[in-house]
Every structure is written in structure tokens, then in C-alpha cells.
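So the chains spell out like this:
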Amino acid sequence: MSKPLRFLTLPLTDLLHGQQRTLARRRDLAWLLGGLALGWWVYVPLHELLHAFGCLATGGSVSRLEVDPLYGGALLARLFPWVVSGSEYAGRLSGFDTGGSDAVYLATDLAPFLLTLVAVWALRRAARAGRPGLFGVA
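Residues numbered from 1 in each chain as written. Predicted model: local features only at pLDDT ≥ 70, side-chain atom pairs only at ≥ 80, totals over all residues. Heavy atoms only, no water.

Enquirer: Honestly, the nonpolar core in this entry has me stumped. Any pointers?
Expert: Nonpolar side chains in soluble globular proteins generally cluster together in the buried interior. Counting 13 residues, the largest nonpolar core has Ala52, Val62, Leu65, Val67, Trp82 and Val83 as the members making the most contacts within it. Residue contributions to this core peak at 4 residues, all from helix H2 (residues 27–57). Residue contacts for Val83: discarding those within four places in its chain leaves Leu65, Val67, Gly73, Leu76 and Ala77. Among the nonpolar cores identified, the runner-up in size contains 5 residues, and Leu123, Ala126, Ala127 and Phe135 belong to it. (Core = buried A, V, L, I, M, F, W, Y, C linked by side-chain atoms within 4.5 Å. Buried < 20%, exposed > 50% of the residue type's maximum accessible area, 1.4 Å probe, protein only. Helix = DSSP H or I, 4+ residues; strand = E, 2+ residues; numbered from the N terminus. Contact = heavy atoms within 4.5 Å.)

As C-alpha cells, then:
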């Protein structure tokens, strides 16, 4: 395989190798899928909150973040005045103002990708340790 192609496929091959290392016993698949479900349930509101925090941290303002009750919208609405429980989607930042700043908009858009840094580290640790549940969460 050529170097450019190997580089482009590295995330997928890393994921598959990690999965292979964590699936040693029959029950490991159940742990991995359970972790995946838990990880998704936590990821959705965290992703949306990071959009809002990215906007706020760079000088923008947030007036409405919709989070479905399934993903903790009611709890988050009690913690943050701009969170509304209920959404057409799992979550959506529908009210924010960047003040016309492209930098604030970029930070708002890209802030959730900070999770990628944590997730890659967590995936590698879980794979090395052979922990399918943690691998699924990550």
C-alpha cells in the first residue's frame, strides 16, 4: 500500500485493530455495544454544549440550545438558562450570535472536535488494556 493511501486509511485501520484487540471473548461484543450506546448518549449533549461554549469563549452569545429530553435536555435546562428541553433533532444550537466575527463562528463550529483529541487517546488506551466497554464509550 502506498504511503499516502496508508495515511488516509490509518484512522479506520487503527479502529479495526483496536476492536480486534478488545474482542477476545464472546461477551466482549456486548460490552463494546453497551459502551457504544452509553458513549452516544453522553456524546450528543456534550457535543452541543461544546458548540455553545466555543461561541461563548470567543466572545459570542448563546440564546437557545435545544436538547432532546432523551439526552438530558431537562437536566441541562436547569443548569443553563439558554438550554431548552425538546428538539426536532437530538440537539441543535439554534440561537447564537457571533457578532459578525468569522473567528467566533469558526470556534462555535469546531469546538466539539476537541472531543476527538480525547477520544483518540481513550480508544488507544482501551484497546491496549483490552477493555471493550471503554473502547465502545470512546
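And the narrative resumes.
Enquirer: Looking at this model, I keep getting lost on the side chain of Glu48. Mind explaining?
Expert: Assignment of secondary structure puts Glu48 in helix H2. If sequence neighbours within four positions are ignored, Glu48 has contacts with Leu65, Gly91, Arg92 and Leu93.

Enquirer: Hey, could you run me through the packing of helix H1 (residues 3–22) against helix H5 (residues 114–129) in this one?
Expert: The angle between the axes and the distance between the axes are what describe a pair of packed helices. At a closest axis distance of 8 Å, the pairing of H1 and H5 adopts a crossing angle of 35 degrees. Note on packing geometry: the crossing formed by H1 with H5 is left-handed. Contacts between H1 and H5 involve Asp14, Leu15, Gly18, Arg21 and Thr22 from the former and Leu123, Arg124, Ala126, Ala127 and Arg128 from the latter. Taken together, the residues of the contact of H1 with H5 break down into 4 nonpolar, 2 polar and 4 charged. (Axes fitted to C-alpha atoms, helices over the stretch in contact; angles between N-to-C directions. Left-handed = near helix turned anticlockwise from the far one by under 90°. Nonpolar A, V, L, I, M, F, W, Y, C, P; charged D, E, K, R; others polar.)

Enquirer: In this structure, what is going on with the environment of Ala52? I would like to understand it.
Expert: Relative to the assigned elements, Ala52 resides in helix H2. Classification of Ala52 by relative accessible area gives buried; the value is 0%. As for Ala52 and Gln20, which are separated by 32 residues in sequence, their C-alpha atoms are 36 Å apart. Setting aside residues no more than four positions away along its own chain, Ala52 makes contact with Val62, Leu65, Trp82 and Leu93.

Enquirer: Please clarify how the pairing of strand E1 (residues 61–67) should be interpreted in this entry.
Expert: In summary, the side chains of a regular strand alternate between the two faces of the sheet. Sheet analysis places E1 next to strand E3 (residues 91–97), joined by 6 bridges and oriented antiparallel. Within E3, the residue paired with Ser61 across the bridge is Asp97. The pairing of E1 with strand E2 (residues 83–85) spans 3 bridges and is classified as parallel. Following the sheet pairing, Glu66 is matched in E2 by Val84. (Pairing = 2+ DSSP bridges.)

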